[in-house]
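A structural walkthrough
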Amino acid sequence: AGTQLTNRQRALEKLDADLHSFLMAKEALPRGERELAVNAAKAIRRCWLDKRESTLTLGFHNRWSTRAQTSVLPLLSADFSHVRELHLDSVEWTADADAFLSGFANLETLKINNSTLERLPPKVSEMSRLKTLDLQENKLQLDQQSATTLGALKHLTRIDLAKNPLKVLPDFSAMAGLDYLDLSHTGISDWPKGLQENTPWLYLNLSHNHLKAVPEA
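Read on for a plain summary of the structure. Nothing here was measured: the structure is a model prediction, and the numbers come from that model.

As a further point, take the nonpolar core. Grouped together as the largest cluster of nonpolar side chains are 57 residues, with contacts concentrated most on L56, L58, L88, F100 and L110. With seven residues, helix α2 (residues 31-49) is the largest single contributor of residues to this core. What L88 contacts, discounting residues up to four positions off in sequence, is L58, L73, W93, F100, L101, K111, I112 and N113.

To continue, consider the pattern of salt bridges. Evaluated as defined, the whole model comprises seven salt bridges. A salt bridge links R31 to E35; its shortest N-O distance comes to 3.3 Å. Pair noted here: R31 and E35 are both in helix α2, with a separation of four residues, about one helical turn.

It is worth spelling out unusual backbone geometry at this point. In this structure, S90 is a non-glycine residue whose phi angle is positive, near 60 degrees. Mapped onto the elements of the fold, S90 is located in the loop between β2 (85-89) and α3 (95-100). By relative accessible area, which is 14% here, S90 ends up buried. In this structure, K167 is a non-glycine residue whose phi angle is positive, near 75 degrees.

Procedures and definitions
- Residues numbered from 1 in each chain as written.
- Predicted model: local features only at pLDDT ≥ 70, side-chain atom pairs only at ≥ 80, totals over all residues.
- Heavy atoms only, no water.
- Core = buried A, V, L, I, M, F, W, Y, C linked by side-chain atoms within 4.5 Å.
- Buried < 20%, exposed > 50% of the residue type's maximum accessible area, 1.4 Å probe, protein only.
- Helix = DSSP H or I, 4+ residues; strand = E, 2+ residues; numbered from the N terminus.
- Contact = heavy atoms within 4.5 Å.
- Salt bridge = Lys/Arg side-chain N within 4 Å of Asp/Glu carboxyl O.

Nothing here speaks to function; it is all geometry.
What follows is the structure, given as C-alpha coordinates:
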(Lines give C-alpha, C1' and ligand atoms only; values in the text may rest on other atoms or scores of the structure.)
Protein backbone atom coordinates (compact mmCIF):
# COMPACT_ATOMS: atom_id res chain seq x y z
CA ALA A 1 0.00 0.00 0.00
CA GLY A 2 2.88 2.34 0.79
CA THR A 3 4.43 1.76 -2.61
CA GLN A 4 1.12 2.44 -4.35
CA LEU A 5 0.72 5.68 -2.40
CA THR A 6 4.23 6.76 -3.32
CA ASN A 7 3.67 5.98 -6.99
CA ARG A 8 0.41 7.93 -6.97
CA GLN A 9 2.09 10.89 -5.28
CA ARG A 10 4.84 10.87 -7.88
CA ALA A 11 2.27 10.70 -10.68
CA LEU A 12 0.41 13.65 -9.18
CA GLU A 13 3.61 15.67 -8.91
CA LYS A 14 4.35 14.95 -12.59
CA LEU A 15 0.82 15.93 -13.58
CA ASP A 16 1.06 19.17 -11.60
CA ALA A 17 4.40 19.96 -13.24
CA ASP A 18 2.95 19.32 -16.71
CA LEU A 19 -0.08 21.50 -16.00
CA HIS A 20 2.15 24.24 -14.58
CA SER A 21 4.18 24.27 -17.81
CA PHE A 22 0.94 24.37 -19.78
CA LEU A 23 -0.25 27.45 -17.86
CA MET A 24 3.10 29.23 -17.86
CA ALA A 25 3.06 29.16 -21.66
CA LYS A 26 -0.13 31.22 -21.51
CA GLU A 27 1.04 33.86 -19.04
CA ALA A 28 1.08 36.60 -21.69
CA LEU A 29 -2.51 36.00 -22.82
CA PRO A 30 -5.32 38.36 -21.80
CA ARG A 31 -7.08 37.36 -18.59
CA GLY A 32 -10.23 36.00 -20.21
CA GLU A 33 -8.27 33.75 -22.54
CA ARG A 34 -5.96 32.49 -19.82
CA GLU A 35 -8.98 31.57 -17.70
CA LEU A 36 -9.94 29.03 -20.34
CA ALA A 37 -6.62 27.27 -19.83
CA VAL A 38 -6.87 27.54 -16.04
CA ASN A 39 -10.34 25.97 -16.09
CA ALA A 40 -9.08 23.18 -18.34
CA ALA A 41 -6.14 22.47 -16.02
CA LYS A 42 -8.46 22.35 -13.00
CA ALA A 43 -10.84 19.97 -14.78
CA ILE A 44 -7.98 17.68 -15.81
CA ARG A 45 -6.51 17.57 -12.30
CA ARG A 46 -9.92 16.99 -10.69
CA CYS A 47 -10.67 14.17 -13.11
CA TRP A 48 -7.34 12.47 -12.41
CA LEU A 49 -7.77 12.72 -8.64
CA ASP A 50 -11.31 11.32 -8.63
CA LYS A 51 -11.33 7.88 -10.23
CA ARG A 52 -15.14 7.98 -10.13
CA GLU A 53 -15.03 10.85 -12.63
CA SER A 54 -15.77 8.95 -15.84
CA THR A 55 -16.35 11.99 -18.10
CA LEU A 56 -13.90 14.77 -18.93
CA THR A 57 -15.10 17.83 -20.87
CA LEU A 58 -12.70 20.50 -22.08
CA GLY A 59 -13.92 23.51 -24.06
CA PHE A 60 -11.81 26.36 -25.39
CA HIS A 61 -14.43 28.38 -27.21
CA ASN A 62 -13.71 32.10 -26.95
CA ARG A 63 -15.74 34.42 -29.13
CA TRP A 64 -13.29 37.27 -28.55
CA SER A 65 -10.18 35.51 -29.83
CA THR A 66 -9.12 33.21 -32.65
CA ARG A 67 -5.54 32.83 -31.48
CA ALA A 68 -4.40 29.23 -31.62
CA GLN A 69 -2.34 29.34 -28.43
CA THR A 70 -5.54 29.83 -26.44
CA SER A 71 -6.92 26.43 -27.34
CA VAL A 72 -4.06 23.93 -27.43
CA LEU A 73 -4.15 20.88 -25.17
CA PRO A 74 -1.44 20.22 -22.57
CA LEU A 75 1.21 17.59 -23.17
CA LEU A 76 0.53 14.99 -20.46
CA SER A 77 1.79 11.54 -19.53
CA ALA A 78 -0.84 10.87 -16.84
CA ASP A 79 -3.08 7.80 -16.82
CA PHE A 80 -6.78 8.51 -17.41
CA SER A 81 -7.80 4.92 -18.09
CA HIS A 82 -10.78 5.33 -15.73
CA VAL A 83 -12.36 7.89 -18.09
CA ARG A 84 -15.09 6.55 -20.36
CA GLU A 85 -16.15 9.78 -22.13
CA LEU A 86 -13.89 12.56 -23.44
CA HIS A 87 -15.45 15.69 -24.93
CA LEU A 88 -13.16 18.26 -26.59
CA ASP A 89 -14.46 21.47 -28.13
CA SER A 90 -12.72 24.27 -30.05
CA VAL A 91 -9.25 22.74 -29.85
CA GLU A 92 -6.28 23.75 -31.98
CA TRP A 93 -5.16 20.25 -32.96
CA THR A 94 -1.42 19.66 -32.64
CA ALA A 95 0.98 16.77 -32.00
CA ASP A 96 0.45 17.44 -28.28
CA ALA A 97 -3.26 16.84 -28.79
CA ASP A 98 -2.52 13.45 -30.37
CA ALA A 99 -0.29 12.64 -27.41
CA PHE A 100 -2.98 13.84 -24.99
CA LEU A 101 -5.25 11.03 -26.18
CA SER A 102 -2.65 8.41 -25.20
CA GLY A 103 -3.77 8.48 -21.58
CA PHE A 104 -7.38 7.59 -22.41
CA ALA A 105 -7.10 3.90 -23.28
CA ASN A 106 -10.61 2.83 -22.22
CA LEU A 107 -12.80 5.45 -23.86
CA GLU A 108 -16.28 4.45 -24.94
CA THR A 109 -17.15 7.92 -26.25
CA LEU A 110 -14.82 10.38 -27.98
CA LYS A 111 -16.09 13.76 -29.12
CA ILE A 112 -13.86 16.29 -30.86
CA ASN A 113 -15.95 19.14 -32.22
CA ASN A 114 -15.44 22.60 -33.74
CA SER A 115 -11.70 22.06 -33.87
CA THR A 116 -8.87 22.06 -36.42
CA LEU A 117 -8.53 18.28 -36.59
CA GLU A 118 -7.40 17.38 -40.11
CA ARG A 119 -6.70 13.65 -39.83
CA LEU A 120 -7.93 10.72 -37.79
CA PRO A 121 -5.97 10.68 -34.51
CA PRO A 122 -3.67 7.61 -34.56
CA LYS A 123 -4.67 6.61 -31.00
CA VAL A 124 -8.26 6.02 -32.11
CA SER A 125 -7.16 2.72 -33.66
CA GLU A 126 -6.12 1.48 -30.19
CA MET A 127 -9.43 2.35 -28.48
CA SER A 128 -10.93 -1.13 -28.50
CA ARG A 129 -13.91 -0.13 -26.31
CA LEU A 130 -14.94 2.88 -28.36
CA LYS A 131 -18.64 2.90 -29.24
CA THR A 132 -19.30 6.57 -30.07
CA LEU A 133 -17.03 8.63 -32.32
CA ASP A 134 -18.20 12.20 -32.86
CA LEU A 135 -15.83 14.33 -34.97
CA GLN A 136 -18.40 16.82 -36.19
CA GLU A 137 -17.33 20.17 -37.60
CA ASN A 138 -13.58 19.86 -37.97
CA LYS A 139 -11.34 19.89 -41.04
CA LEU A 140 -11.08 16.12 -41.18
CA GLN A 141 -10.00 14.42 -44.39
CA LEU A 142 -9.61 10.66 -44.72
CA ASP A 143 -7.22 8.81 -46.99
CA GLN A 144 -7.34 5.11 -47.78
CA GLN A 145 -5.25 4.19 -44.75
CA SER A 146 -7.25 6.18 -42.21
CA ALA A 147 -10.52 5.09 -43.82
CA THR A 148 -9.41 1.45 -43.40
CA THR A 149 -8.48 2.15 -39.77
CA LEU A 150 -11.89 3.67 -39.11
CA GLY A 151 -13.69 0.83 -40.86
CA ALA A 152 -11.94 -1.69 -38.61
CA LEU A 153 -13.50 -0.21 -35.45
CA LYS A 154 -16.23 -2.83 -35.48
CA HIS A 155 -17.61 -1.96 -32.02
CA LEU A 156 -18.73 1.52 -33.05
CA THR A 157 -22.47 2.08 -32.78
CA ARG A 158 -22.58 5.84 -33.35
CA ILE A 159 -20.50 7.87 -35.82
CA ASP A 160 -20.85 11.59 -36.54
CA LEU A 161 -18.51 12.99 -39.20
CA ALA A 162 -20.78 15.83 -40.33
CA LYS A 163 -19.29 19.07 -41.65
CA ASN A 164 -15.90 17.67 -42.62
CA PRO A 165 -14.33 17.56 -46.13
CA LEU A 166 -13.89 13.79 -45.87
CA LYS A 167 -12.94 12.87 -49.48
CA VAL A 168 -12.72 9.13 -48.68
CA LEU A 169 -15.22 7.01 -46.74
CA PRO A 170 -14.62 3.81 -44.78
CA ASP A 171 -16.36 0.54 -45.49
CA PHE A 172 -18.99 0.20 -42.76
CA SER A 173 -19.78 -3.48 -43.28
CA ALA A 174 -17.84 -4.65 -40.19
CA MET A 175 -19.92 -2.44 -37.88
CA ALA A 176 -22.83 -4.78 -37.23
CA GLY A 177 -24.09 -2.69 -34.31
CA LEU A 178 -24.03 0.68 -36.07
CA ASP A 179 -27.31 2.51 -35.42
CA TYR A 180 -26.38 6.17 -36.04
CA LEU A 181 -24.36 7.61 -38.92
CA ASP A 182 -24.19 11.29 -39.84
CA LEU A 183 -22.26 12.13 -43.01
CA SER A 184 -24.09 15.35 -43.85
CA HIS A 185 -22.14 18.28 -45.30
CA THR A 186 -19.12 16.12 -46.16
CA GLY A 187 -19.04 16.59 -49.94
CA ILE A 188 -19.40 12.89 -50.71
CA SER A 189 -20.79 11.75 -54.06
CA ASP A 190 -20.93 7.96 -53.61
CA TRP A 191 -23.19 5.90 -51.38
CA PRO A 192 -21.25 4.62 -48.33
CA LYS A 193 -20.08 1.01 -48.66
CA GLY A 194 -21.35 -1.66 -46.32
CA LEU A 195 -24.54 -0.03 -45.09
CA GLN A 196 -26.80 -2.59 -46.73
CA GLU A 197 -25.40 -5.26 -44.39
CA ASN A 198 -26.27 -3.24 -41.29
CA THR A 199 -29.43 -3.06 -39.25
CA PRO A 200 -32.51 -1.53 -40.92
CA TRP A 201 -32.88 0.60 -37.78
CA LEU A 202 -29.85 2.68 -38.73
CA TYR A 203 -30.33 6.45 -38.49
CA LEU A 204 -28.59 7.79 -41.58
CA ASN A 205 -28.04 11.43 -42.54
CA LEU A 206 -26.48 12.05 -45.95
CA SER A 207 -28.02 15.46 -46.55
CA HIS A 208 -26.27 18.37 -48.23
CA ASN A 209 -24.01 16.19 -50.36
CA HIS A 210 -23.78 15.36 -54.07
CA LEU A 211 -24.84 11.71 -54.23
CA LYS A 212 -24.89 10.33 -57.76
CA ALA A 213 -27.19 7.42 -56.98
CA VAL A 214 -29.10 5.78 -54.14
CA PRO A 215 -29.25 1.95 -53.99
CA GLU A 216 -32.65 0.30 -54.20
CA ALA A 217 -34.16 -0.83 -50.91
